[in-house]
Amino acid sequence: MKEKKKKRIIAALLLISCIISGFLLAYTSAPSSQSLTSFAKADSLILNDLYKFNVLDNQIRVQTITVDSNLSRKKYTINVPPGFSKTQLHNELNRTFYDYDVRTPADVIFPHKDFRIHLLYDQTVFRSITLTTDPELTLNRNFGSILVAFDKVPADELLDQVISFGEPISIALIVKNPMEANQLKSELQEKYPHVLFWLQDENGNNIPGSISSRMLPKLQHLQDAVPNAGVLSFKNLTNDLVDEYRQMFSKTNLEYIDASNAILLDSDLGRAAFMQELNKFAQQAASFEQPTAIVMGNKESLEWLKNGLSDFKKSGLEIVPPKRQHFN
């Protein structure tokens, strides 16, 4: 009898659970896409995306075409410089309007290869955007270098994250024993060619850093292990390069990368501070300083970097390999 009672209680609980689930399904509305309240709202969305790509007002012409008594269509003609990524802007517009149930089919207009994007809502084209190349305009390019630092050869998952950027981002391997550098580079060389070294002593002090009698032997050992290797210098290679350093560097065939003013991006900072430092990097690039950022390599920091870089690249940021200097 007790067993039957237990079964009845369980059956009753299951029935109540089903009733509650049915109630929730019936009365809880599913999330819906945003509503395009007016075509005028679309204009503000279009302009917002154009401004992200550094398109100025004087590059934009708008013409209103009356289709019938109930519909007028705006035609945007945008002059863009040679090298401007029309497909990237198209992708951005597609992302912006997707949640509004607006589709963005596009076609190429020959012979000048103008790019025309249609905004389609409820089977009606209500806006069109034509991107035309103006050879008199100059593409705004801002250059910066990004290094991703690892204290050992990164796992395939992390290496794949770096590769997925599709950018000349260098990997900086932190090494304390220069004689291990060749083996570390060999493990990476076939998969990823952009490898540098962040040399440290046994106490974690950067080399080159403060002048030390042990610095030159460390650098020469690195040169023996990997001839012409690229090594980060935390001593300013222009303003602060005193005679002792110049003489020391001239005794090696290494290539030195100035990391003395590099911006450090570490997930330990937290997302807000990380993005703030990444924004600082982009601002320096916009000031034509060609900054360097060092990202401490882990899954989280690489995800944040990728999300943040996409916006800065729209406004002209271009990732380039870091500058290298010889002193011999």
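These numbers come from a predicted model, not from an experiment.

Caption draft 1: Molecular detail of helix 9 (residues 299-314). Here helix 9 contains 16 residues, and its C-alpha end-to-end distance of 24 Å stays within 8% of the 22 Å for a straight helix at 1.5 Å per residue. Within helix 9 the residues assigned to the buried category are Ser301, Leu302, Trp304, Leu305, Gly308, Leu309, Phe312 and Lys314. The residue sitting at the N-terminus of helix 9 and contributing the capping side-chain oxygen is Asn298; that oxygen lies 3.1 Å from the backbone nitrogen of Glu300. Remark: Gly316 follows helix 9 within two positions and exhibits a positive phi of approximately 110°.

Caption draft 2: Representation of the packing of helix 2 (residues 39-52) against helix 3 (residues 86-98) in the model. Following both chains from N to C, one finds helix 2 and helix 3 inclined at 140°, their axes separated by 10 Å at the closest point. Between helix 2 and helix 3, the crossing angle belongs to the class labelled oblique. Both helix 2 and helix 3 take part in a crossing whose hand is right-handed. Facing helix 2, whose interface residues are Ala42, Leu45, Ile46, Asp49, Leu50 and Lys52, helix 3 presents Leu89, Glu92, Leu93, Thr96 and Phe97. Here the contact of helix 2 with helix 3 is composed, by residue class, of 7 nonpolar, 1 polar and 3 charged.

Caption draft 3: Structural context of the pattern of salt bridges. Evaluated as defined, the whole model comprises 14 salt bridges. Among the salt bridges present, the one from Lys299 reaches Glu157, with a minimum N-O distance of 3.9 Å. With Lys299 in helix 9 and Glu157 in helix 4 (residues 156-164), this pair connects stretches of sequence that are 142 residues apart. In this structure Glu157 comes out as exposed when scored by relative accessible area, which is 51%. Taking the shortest distance from any N to any O, the salt bridge between Lys314 and Asp311 comes out at 2.8 Å. Linking Lys314 with Asp311, this pair stays in helix 9, spanning 3 residues, or about one helical turn. Its relative accessible area of 9% is what places Lys314 among the buried residues. Look at the salt bridges and you will find they share partners, linking Asp49, Lys52, Glu92, Arg95, Asp311 and Lys314 into a network.

Caption draft 4: Fine view of the pairing of strand 6 (residues 142-150). Taking burial as the measure, the 9 residues of strand 6 include 8 buried ones, the bulk of the element. Relative to strand 14 (residues 317-319), strand 6 runs parallel, the two being bridged by 3 bridges. Looking at the pairing, Phe143 lines up with Glu318 of strand 14. Note that strand 6 and strand 13 (residues 292-296) share 5 bridges and pair parallel. Note that in strand 13 the partner of Leu147 across the bridge is Ile294.

Procedures and definitions
Residue indices begin from 1 for each chain and proceed along its sequence in written order. The predicted nature of this model means local features are confined to residues of pLDDT at least 70 and side-chain atom pairs, given and counted, to a pLDDT of 80 or more, with totals for whole chains, interfaces and linings taken over all residues. To obtain the side-chain values, all non-hydrogen atoms of the structure were used and water was disregarded. Strands are runs of DSSP state E lasting at least two residues, helices are runs of H or I lasting at least four, and both sets are numbered from the N terminus onward. Expected span of a helix: the number of residues minus one, times 1.5 Å. We call a residue buried when its accessible area falls under 20% of the maximum for its residue type, exposed when it is over 50%, and partly exposed in between, using a 1.4 Å probe and counting protein chains only. Polar contacts, as used here, are pairs of N or O atoms within 3.5 Å; protein pairs need one atom able to donate a hydrogen and one able to accept it. Residues neighboring in sequence count only if both atoms are side-chain atoms. Only the contacting stretch of a helix is used when fitting its axis, a line to C-alpha atoms as for every element, and angles between N-to-C directions run 0 to 180 degrees. Orientation categories follow fixed angle ranges, with anything under 35 degrees roughly parallel, anything over 145 roughly antiparallel, 65 to 115 roughly perpendicular, and all other angles oblique. When the near helix sits turned anticlockwise from the far one by under a right angle, the crossing is termed left-handed; a clockwise turn instead gives a right-handed crossing. Residues are treated as being in contact if the distance between any of their heavy atoms lies within 4.5 Å. All amino acids are sorted into three groups, where Ala, Val, Leu, Ile, Met, Phe, Trp, Tyr, Cys and Pro are nonpolar, Asp, Glu, Lys and Arg are charged, and the leftover types, Gly among them, are polar. Just to be clear on terms, a salt bridge is a Lys or Arg side-chain nitrogen sitting within 4 Å of an Asp or Glu carboxyl oxygen. Pairing between two strands is assigned when DSSP locates at least 2 bridges connecting them.

In short, the description is geometric, and any link to function would need to be established separately.
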